[in-house]
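Coordinate analysis (summary)
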Amino acid sequence: MRFWRKVLAITWKDVLSEFRTREIIFSVLVFTLLVIVIFNFAFGGGQDTIQMVAPGMLWITFTFAGVLSLNRSFIIEKEEGCLEGLLVCPVSREIIYLGKMLASLLFMLSVEVVALPIFAILFNLDISFQLVVITLLTTVGFVTVGVLFSALAVNTRAREMVLPLLFLPIVVPLIIAAVESSGLALSGESWGEIASWLQIIGAFDVIFLVVSFWVFNYTIEE
Amino acid sequence: MKENHTFKMVLLGTTTIAMVVTMYLIFIWVPTEEEMGVVQRIFYLHVPLAWLAFLAFFVVFIGSIMYLWKRQEKWDVLAHSSAEVGVTFTTLFLITGIIWAKPVWGVWWTWDARLTAALVLWLMYLAYLIIRPYAADVQRGARFAAVIGIVGFIDVPIVALAISLWRTQHPSAVIFEGGLASTMLATLLVSLFAFTLLYWLLLMLRIAIRKDETELKRLKEQRD
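So, here is what we can say about the structure in this document. (Residues numbered from 1 in each chain as written. Chains lettered and ligands numbered in written order. Predicted model: local features only at pLDDT ≥ 70, side-chain atom pairs only at ≥ 80, totals over all residues. Heavy atoms only, no water.)

Tracing the backbone shows Cys82(A) in helix H4 (residues 82-88). In contact with Cys82(A), other than residues within four places in its own chain, are Ile76(A) and Glu77(A). (Helix = DSSP H or I, 4+ residues; strand = E, 2+ residues; numbered from the N terminus. Contact = heavy atoms within 4.5 Å.)

Printed below as a string of structure tokens:
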């Protein structure tokens with residue numbers, strides 16, 4: 001129980017700082033809306049085209065939004081020298097990982113909770129329960145590796161350039177599964193149709209939660 | 001040191017002979033495949049390259065784990081060198097695939113499962129190589145690279161699974177279903193053997209060069 005109290009303390013620290021600085025959720029949300037609008041110009045056209053490209057649009061948007069917000073997650077720590085403070089805290093590195101991961105998950109989900117309905121309204125799509133589950137599970141996958149690489153990237157010279165280079169190839173299976181299953185969900189298929197995709201997403205989540213939990217230690221040790 | 005040198009020379013000799021034999025088998029000995037014609041011969045280079053790229057990345061994975069565990073520089077040198085050879089082989093694998101695809105499938109590139117997986121792999125290990133110079137010091141770069149080496153390799157089966165579920169048009173399991181003529185199989189196996197030697201040779205040479213580089217750096221620092 002004490003383990004989770006410590007984890008939540010770190011998450012709460014991030015939430016508090018987000019409330020005060022409003023650096024992540026709001027700006028990423030605006031960015032997300034901008035990307036959706038720009039996609040509209042890029043693909044234009046009628047409802048048929050939209051139906052076809054909608055899942056791709058949705059996940060490109062969320063992937064880029066994810067890169068953006070995950071980058072901030074550790075850059076904020078670095079800028080004010082908070083990372084050192086965090087490292088001297090009497091908690092293990094695994095706790096820091098879980099705390100930061102939960103916070104990033106919370107931020108990304110907050111963005112998606114707003115962006116998804118707007119997306120559906122703008123393009124006349126129906127959000128099914130399946131789509132919500134897909135989004136939730138994929139976002140978990142994003143943050144499990146994202147927080148790991150974000151911690152790594154912030155300690156390099158190129159900082160925000162490094163995260164997408166590492167993050168994007170690793171999440172390829174997630175993006176494929178998310179796009180394919182979202183496409184099926186948007187056209188009203190049943191759970192059975194999307195099950196195999198959900199399994200891939202679920203497997204990714206579990207495997208990388210364990211792996212990241214284990215190797216996170218090596219990305220921030222000084 | 002002396003013994004090591006002799007071994008390298010022997011390996012160089014063996015690799016050269018094996019490569020010459022492989023080339024003879026591929027271009028002169030093995031009969032031309034009926035349907036695809038002469039372009040099918042690229043298969044004897046393409047398949048060994050793919051297997052060895054995979055082997056190289058597996059060595060990166062092992063080297064990375066050992067480095068994080070033992071913190072001995074030699075493991076990092078092994079992983080780094082293997083990654084470089086692996087990326088080179090993956091590049092050649094992609095290029096041979098593209099050359100083969102044009103006459104057979106009529107297009108240079110299709111988003112076929114294995115080609116796509118190879119491309120993703122290539123990008124992943126390119127990032128592995130790119131990250132090092134960005135780190136503040138060598139040890140940190142090695143640590144970061146090791147993390148990527150581990151996470152990347154674990155990702156490979158998931159990438160393969162997702163992409164193959166996504167689409168497949170590759171001439172897949174001919175080799176395993178016994179659909180390959182015995183002369184072709186023999187050529188493939190000899191080629192595989194020759195390329196494995198080549199991988200080993202390149203890896204050893206790269207490690208030796210890297211050691212010299214480190215030594216040179218140390219001497220320079222001493223002088224300053």
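Glancing now at a nonpolar patch on the surface. On the surface, a cluster of nonpolar side chains totalling about 540 Å² of accessible area is made up of Met23(B), Tyr24(B), Phe27(B), Ile28(B) and Trp29(B). Look at Trp29(B) and you get partly exposed, because its relative accessible area is 40%. (Patch = residues over 30% accessible without salt bridge, like charges linked within 9 Å, V, L, I, M, F, W, Y side chains within 5 Å. Areas by Shrake-Rupley, 256 points an atom, 1.4 Å probe, with all protein chains shown as cover. Salt bridge = Lys/Arg side-chain N within 4 Å of Asp/Glu carboxyl O. Buried < 20%, exposed > 50% of the residue type's maximum accessible area, 1.4 Å probe, protein only.)

Turning our eyes to something else, we now look at the interface of chain B and chain A. Counting residues at the interface gives 29 residues for chain B and 29 residues for chain A. Across the interface of chain B and chain A, roughly 2700 Å² is buried in total on both sides, 77% from carbon and sulfur atoms. At the surface where chain B touches chain A, the tally comes to zero salt bridges. Remark: the boundary between chain B and chain A carries four residue pairs in polar contact (both at pLDDT 80 or more). Breaking the side of chain B that touches chain A down by element, the ones donating at least two residues are helix H4 (113-134) and helix H5 (138-166) of chain B. (Buried area = accessible area lost by both parts, 1.4 Å probe. Polar contact = N/O pair within 3.5 Å; in protein donor to acceptor, adjacent residues only side chain to side chain.)

The subject of this paragraph is helix H8 (residues 172-186) of chain A. Under the 1.5 Å per step criterion, the end-to-end length of H8(A) is 21 Å for 15 residues, consistent within 8% with the ideal 21 Å. Within H8(A), the full set of buried residues consists of Val172(A), Pro173(A), Leu174(A), Ile176(A), Ala177(A), Ala178(A), Ser181(A), Ser182(A), Ala185(A) and Leu186(A). In this structure, the buried residues of H8(A) make contact with helix H3 (47-79), helix H6 (129-154), helix H7 (162-170) and helix H9 (191-215) of chain A together with H4 and H5 of chain B. (Expected span 1.5 Å × (residues − 1).)

To continue, consider the state of the cysteines. All names here are of chain A. The tally for this structure, following the rule as stated, stands at zero disulfides over all chains. Residue Cys-82 stays outside any disulfide, its sulfur separated by 10 Å from that of Cys-89, the closest cysteine. In this structure Cys-82 comes out as partly exposed when scored by relative accessible area, which is 35%. Accessibility expressed as a relative area gives 33% for Cys-89, which makes it partly exposed. (Disulfide = S-S within 2.5 Å.)

Another point: the packing of aromatic side chains. One pass over the structure, following the stated rule, counts 20 aromatic pairs over all chains. Considering the side-chain rings of Phe3(A) and Trp4(A), the 5.5 Å spacing of their centres and the 85 degrees angle between planes classify their relative orientation as edge-to-face. Phe3(A) gets classed as partly exposed once you look at its relative accessible area, which sits at 31%. Here the aromatic cluster, defined as three or more aromatic residues joined through ring pairs, consists of Trp59(A), Phe62(A), Phe142(A) and Phe167(A). The ring of Phe74(A) carries Lys100(A) above its face, with NZ or CZ at 4.9 Å from the centroid. The residue whose ring lies beneath Lys70(B) is Trp69(B), and the NZ or CZ to ring-centre distance is 4.3 Å. (Phe/Tyr/Trp six-rings, centres within 6.5 Å; stacked < 30°, edge-to-face > 60°. Lys NZ or Arg CZ within 6 Å of the ring centre and 35° of its normal.)

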